[in-house]
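Fold and contact review
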Amino acid sequence: MKHLKKIMLLIAVLGVSACTDPGRFGPGAGGAGAGAGAGLGGAASDPRSPEYFRQTVGDRVHFAVDQSTLSPEARATLDGQAQWLLDNPEYSAIIEGHADERGTREYNLALGARRAAAVKEYLVARGVAGTRLSTVSYGKERPIAICSEESCYAQNRRAVTVITAGGGV
Amino acid sequence: MSIKRILPLLVVVLAGLGALSSGPLTAQERPGPLRIVIDEGVIEPLPFAVPDFIAENGAAREYAARITRIVAADLQGTGLFREIPKEAFISSVTSFDAPVQFGDWKAINAQALITGAVSVSGRRLTVKFRLYDVFSGAPLGKGLQFAGTTASWRRMGHKVADAVYSRITGEGPYFDSRVAFIAESGPKNARVKRLAIMDYDGANVQYLTDGRALVLAPRFSPAGDRLLYTSYESGFPRVYLLDLGSLRRRALDEQPGTMSFAPRFSPDGRTVLLSLSVGGNTDIYSLDLATGKRRRLTSAPSIEIAPSFSPDGRQIVFTSDRSGSSQLYIMPAGGGEPRRISRGKGRYNTPVWSPRGDLIAFTKQNKGRFHIGVMQIDGTEERLLTSSFLDEGPTWAPNGRVIMFTRETAGAGGTSALYTVDTSGRNLRRVPMQGAASDPAWSPLLK
């Protein structure tokens, strides 16, 4: 039954998303941008839904300039993420690391990788199996806020935990 | 897409046009006024005249004037030459072999005169040209003839301009070259990026990917026949190798849980350097293309990225933030103790070794501005060539005298464009092309 659910989820998602984003729920930055992203994530009122994770648990943490250190606020968010992932073992997650536009493309890719890894390490330390978590860096390629001011940069320096189908191996 | 559209077949016949050759004088050996030395401080552009090349038969008519325009645009675009408009001409050139009326060209202060003729037979196009030093009343170098297909007519113009440029400056040619880049479209928060290739002057754009997967930062192989680039088509950034002839491609590094990017070829084209992120830590690796054997060249908890070989293949310049901010380092090609070369304030990234071996170009970030700069390989004599909201990613022209880079404008509507600048900091120009573009990679001179 569990397998069937997993397969159906995969089919549903693959049917509508780009081939590069298998099984993602919600607007991970790998997708088309900052759309509402509901629908496939289930009802936001259902605590077991990826949409609940996104809206209520909080799917992202932010970083200071050129840093990958987790702030107390980020740790609190990640504690919630870890608990949700422990409660919902049928899901995995891709952690996306991002940077603001004030850096070169390649350095920002490496910086985003650091940020994603910092989140993964924290979640693993909180008991989430590392096999359920993968990381990817988008560097400065996928900003969610597009002004060239600190207010936007602060939003873009982020790591987003994107829930995917499947409980890992 | 066929091989011919990517790399148009060009048969080049370098034939001295015997009757008018003036002996084996090169620009370096030659005394007299027709000479530009690029390192000299202020350059007054050298006035030249290039009357429309003669169409030697009916089929050549549609090409002759257009090829002449390529020659003029290439030379004028260097900032080292100034074209005299044809309205000023006293003489007209009606035959390639007619004697030159030097007095008429002197009178309008043309220091260099370029004459040419074009003939077409079927799909075969032949261009011949002569360069004259007007004030000494003699040809400069031998007349030359280039032959190719009609489809490659623009390259004929570039070949003529390259010969003229080299004879007058003593520098290597670079107009007959291509640029791989990332074509950009769409809004800033949903940018579509496609791998593309074009002539160095923005003409003949061809798209190599369809935009479904994010692609970044192509690099040319030393022979110009292959590209490395980074693509997210697997969902994760990975380095791909694309053969421009067959358009076949393969992923170079497919280890799950890792990301690879910022690749570059070795000078012999057999090895690829790339930056690999494992568990959030990015280091530099080399990959033997034939055997697939991988070797780790750096192992530090800091970020090590963006390696570039010296032209002799013995050293690698790269970026590391081991000191707390991004700086440039050089290490032996096989790895080993790196030495820091960047010394100024600010952060340094994307170092690229000049094909001449004498300079390293880089991106510098300081006090909220971005610069393209060059320094000696020991880190001395740093010169910032540009300054803007965001300049990055220098790539060298084949002759090591010109740098192309990405300039991005600020704000919600910010877009990217390609620019060129001389290593002297002169002649900043936007590459004329339609649509936004980033991440240029200059090819070697075409064969």
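Residues numbered from 1 in each chain as written. Chains lettered and ligands numbered in written order. Predicted model: local features only at pLDDT ≥ 70, side-chain atom pairs only at ≥ 80, totals over all residues. Heavy atoms only, no water.

1. Quick look at the overall build of chain B
The helix and strand tally for chain B stands at four helices and 31 strands. Here chain B holds 447 residues, and the buried ones make up 58% of them. Sequence separation of 24 or more characterises 48% of the internal contacts of chain B that already satisfy a separation of 6 or more. Carbon and sulfur atoms provide 50% of the accessible area of chain B, an area that totals close to 17400 Å². (Helix = DSSP H or I, 4+ residues; strand = E, 2+ residues; numbered from the N terminus. Buried < 20%, exposed > 50% of the residue type's maximum accessible area, 1.4 Å probe, protein only. Contact = heavy atoms within 4.5 Å. Areas by Shrake-Rupley, 256 points an atom, 1.4 Å probe, with all protein chains shown as cover.)

2. Observations concerning the sheet that holds strand β26 (residues 383-384) of chain B
Residues and elements named next belong to chain B. Read across the sheet, four strands follow the order β23-β24-β25-β26 without closing on themselves; strand pairing throughout is antiparallel. If you trace the sheet from one side to the other, it starts and ends with β23 (347-353) and β26, each paired once. Note that β23 and strand β24 (residues 359-366) share five bridges and pair antiparallel. Bridged to V352 within β24 is A361. (Pairing = 2+ DSSP bridges.)

3. So, the pattern of salt bridges
This model, assessed by the stated rule, comprises 37 salt bridges over all chains. Between A:R54 and A:E51 there is a salt bridge; the shortest N-O distance is 3.3 Å. Note that A:R54 and A:E51 are positioned in helix α2 (residues 50-58) at a spacing of three residues, about one turn of the helix. With a shortest N-O distance of 3.5 Å, B:R226 and B:D225 are connected by a salt bridge. (Salt bridge = Lys/Arg side-chain N within 4 Å of Asp/Glu carboxyl O.)

4. What to know about the interface of chain B and chain A
At the interface, 46 residues of chain B touch 32 residues of chain A. Overall, the association of chain B and chain A removes approximately 3300 Å² of surface from exposure, summing both partners, and the carbon and sulfur fraction of that is 55%. Summed over the shared surface of chain B and chain A, the result is seven salt bridges. Ionic pairing is found between A:R105 and B:D439, a salt bridge with its closest N-O pair at 2.8 Å. Looking at the side of chain B that touches chain A, its residues break down into 20 nonpolar, 15 polar and 11 charged. (Buried area = accessible area lost by both parts, 1.4 Å probe. Nonpolar A, V, L, I, M, F, W, Y, C, P; charged D, E, K, R; others polar.)

5. A short note on the state of the cysteines
A disulfide bridge is the covalent bond that connects two cysteines by way of their sulfur atoms. Residues and elements named next belong to chain A. Overall, the coordinates contain one disulfide over all chains when judged by the stated rule. The residue that forms a disulfide with C147 is C152, at a sulfur-sulfur distance of 2.0 Å. Taking the torsion about the sulfur-sulfur bond, which here is approximately 120°, the covalent link between C147 and C152 counts as right-handed. There is no split in this pair, since C147 and C152 are both buried. (Disulfide = S-S within 2.5 Å.)

6. Concerning the nonpolar core
The nonpolar side chains of a soluble globular protein tend to be buried, and buried together. Ranked by internal contacts, the top residues of the largest apolar core, which has 53 residues, are B:F53, B:L75, B:I114, B:F129 and B:I168. Sort the elements by how many residues they give to this core and helix α4 (residues 153-169) of chain B lands first, with eight residues. In terms of domain composition, this core takes at least three residues from each of domain 1 (3-169) and domain 2 (178-442) of chain B. Judged by nonpolar contacts, the second largest core, of 21 residues, contains A:A74, A:W84, A:L85 and A:I163. (Core = buried A, V, L, I, M, F, W, Y, C linked by side-chain atoms within 4.5 Å. Domains from an automatic or database assignment.)

7. A few points about α4(B)
Residues and elements named next belong to chain B. The end-to-end C-alpha distance of α4, which contains 17 residues, comes to 25 Å, matching closely the 24 Å that a straight helix rising 1.5 Å per residue would cover. Counting buried residues along α4, 17 of its 17 residues qualify, which places the element largely inside the surrounding structure. Phi for G170, located one or two positions after α4, is positive at around 75°. (Expected span 1.5 Å × (residues − 1).)

8. Here we look at unusual backbone geometry
Residue and element names in this part refer to chain B. With phi around 45°, T350 is a residue other than glycine that occupies positive phi space. For T350, the location among the structural elements is in strand β23. The class for T350 is buried, based on a relative accessible area of 8%. Notably, N427 is not glycine yet its phi reads approximately 60°, a positive angle. Here N427 lies in the loop between β29 (416-422) and β30 (429-430).

9. Examining the confidence of the model for chain A
Residues and elements named next belong to chain A. Scored by pLDDT, chain A has a mean of 83; 75% of the residues are at 70 or more. Considering only residues more than four positions removed or in separate chains, one finds that residues 1-22, a stretch of pLDDT under 50, has 21 contacts. Scored below 50 in pLDDT, residues 29-39 makes 21 contacts in the model with residues more than four places away or belonging to other chains. (pLDDT = per-residue confidence, 0-100.)

10. With respect to the packing of aromatic side chains
Residue and element names in this part refer to chain B. Across all of its chains, the model carries 18 aromatic pairs over all chains by this definition. When the ring of Y229 is compared with that of Y240, the centres are 5.9 Å apart and the planes differ by 25°; the resulting orientation is stacked. Pair noted here: Y229 is in strand β12 (residues 226-231) and Y240 is in strand β13 (residues 238-243), with a separation of 11 residues, a long-range link. Here the two residues Y229 and Y240 agree in accessibility, since each one is buried. Pairwise contacts between aromatic rings join Y165, Y174, F175, Y200 and W442 into one cluster. The ring of W153 has R154 sitting right over it, with the charged end atom 6.0 Å from the ring centre. (Phe/Tyr/Trp six-rings, centres within 6.5 Å; stacked < 30°, edge-to-face > 60°. Lys NZ or Arg CZ within 6 Å of the ring centre and 35° of its normal.)

11. Digging into the sheet that holds strand β31 (residues 436-442) of chain B
Residues and elements named next belong to chain B. If you walk across this open sheet you meet the four strands as β10-β9-β8-β31, and the pairing is antiparallel. The open sheet has two edge strands, β10 (206-207) and β31, and neither has a second partner. As paired elements, strand β8 (residues 178-185) and β31 share five bridges and run antiparallel to each other. The residue bridging A183 from the neighbouring strand is A437, located in β31.

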